[in-house]
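# Descriptive analysis of the structure
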Amino acid sequence: MANTFEGGKSPAIKISQKWLRFYQSFCKRGQTQVESCELFDKYTNLYTLCSVIGYNIGHKTPLESQTASPFTLEQVGETYEWTTLIAIAYADTNQDDSVFMDSRRILNICDEYAETGIRWIIEQYPFNIIYKDGNIYNYDKIDLEQQVMLLIRQQKSEHALI
């Protein structure tokens, strides 16, 4: 990703404080004192997926007790993730070309779609069984990777994602 950001610094991606442990629990990077299932290679994979789900649901949810997440725009994959986030913001703004020049605006839009998406994920099996009150319960008793793969495959087919 290009190192030229508004203000010269890579903007932090925002998430609600209550989802920080969810990101830490299911992503490879940044585990600290949290038992991890490591379903996603990096935080931005989960964030992008949540943004897509939120956009496809057609609803943005304002962040509760907003916090800077442990990842920044600089860590977003340029080929798939960033182009997906740009497309979401472009569609959300009724194809306003000015959004292309404002990475913070793109992220603000996607932050709210990601909030909707993560809430949706938490309601789905197997997450509604294994993640409660900010903790993971007995994930080793569920073939978690298989269940998540099926859930993601279903979402991809329902929303015609690549």
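Residues numbered from 1 in each chain as written. Predicted model: local features only at pLDDT ≥ 70, side-chain atom pairs only at ≥ 80, totals over all residues. Heavy atoms only, no water.

### Observations concerning the packing of helix 2 (residues 43–57) against helix 3 (residues 78–92)
Packing of helix 2 against helix 3 brings their axes to within 10 Å, and their N-to-C directions diverge by 25°. If you check the angle between helix 2 and helix 3, you find them roughly parallel. Like other packed secondary-structure pairs, helix 2 and helix 3 cross with a definite hand, here left-handed. Every residue of helix 3 that contacts helix 2 at T44, N45, Y47, T48, S51, V52 and Y55 is listed here: E81, T84, L85, I88, A91 and D92. Residue classes in the contact of helix 2 with helix 3 are distributed as 6 nonpolar, 5 polar and 2 charged. (Axes fitted to C-alpha atoms, helices over the stretch in contact; angles between N-to-C directions. Helix = DSSP H or I, 4+ residues; strand = E, 2+ residues; numbered from the N terminus. Parallel < 35°, antiparallel > 145°, perpendicular 65-115°, else oblique. Left-handed = near helix turned anticlockwise from the far one by under 90°. Contact = heavy atoms within 4.5 Å. Nonpolar A, V, L, I, M, F, W, Y, C, P; charged D, E, K, R; others polar.)

### A closer look at the pattern of salt bridges
In total, this model carries 7 salt bridges according to the counting rule given. The salt bridge partner of E64 is R119, with a shortest N-O separation of 2.6 Å. Of this pair, E64 sits in the loop between helix 2 and strand 2 (66–72) while R119 sits in helix 4 (residues 103–123), and the two are 55 residues apart along the sequence. Given a relative accessible area of 24%, R119 falls into the partly exposed group. Between D96 and R105 there is a salt bridge; the shortest N-O distance is 3.1 Å. A relative accessible area of 27% means that D96 is categorised as partly exposed. On the accessibility criterion, R105 (28% relative accessible area) is partly exposed. Residues participating in the shared-partner salt-bridge network are K18, E64, E115 and R119. (Salt bridge = Lys/Arg side-chain N within 4 Å of Asp/Glu carboxyl O. Buried < 20%, exposed > 50% of the residue type's maximum accessible area, 1.4 Å probe, protein only.)

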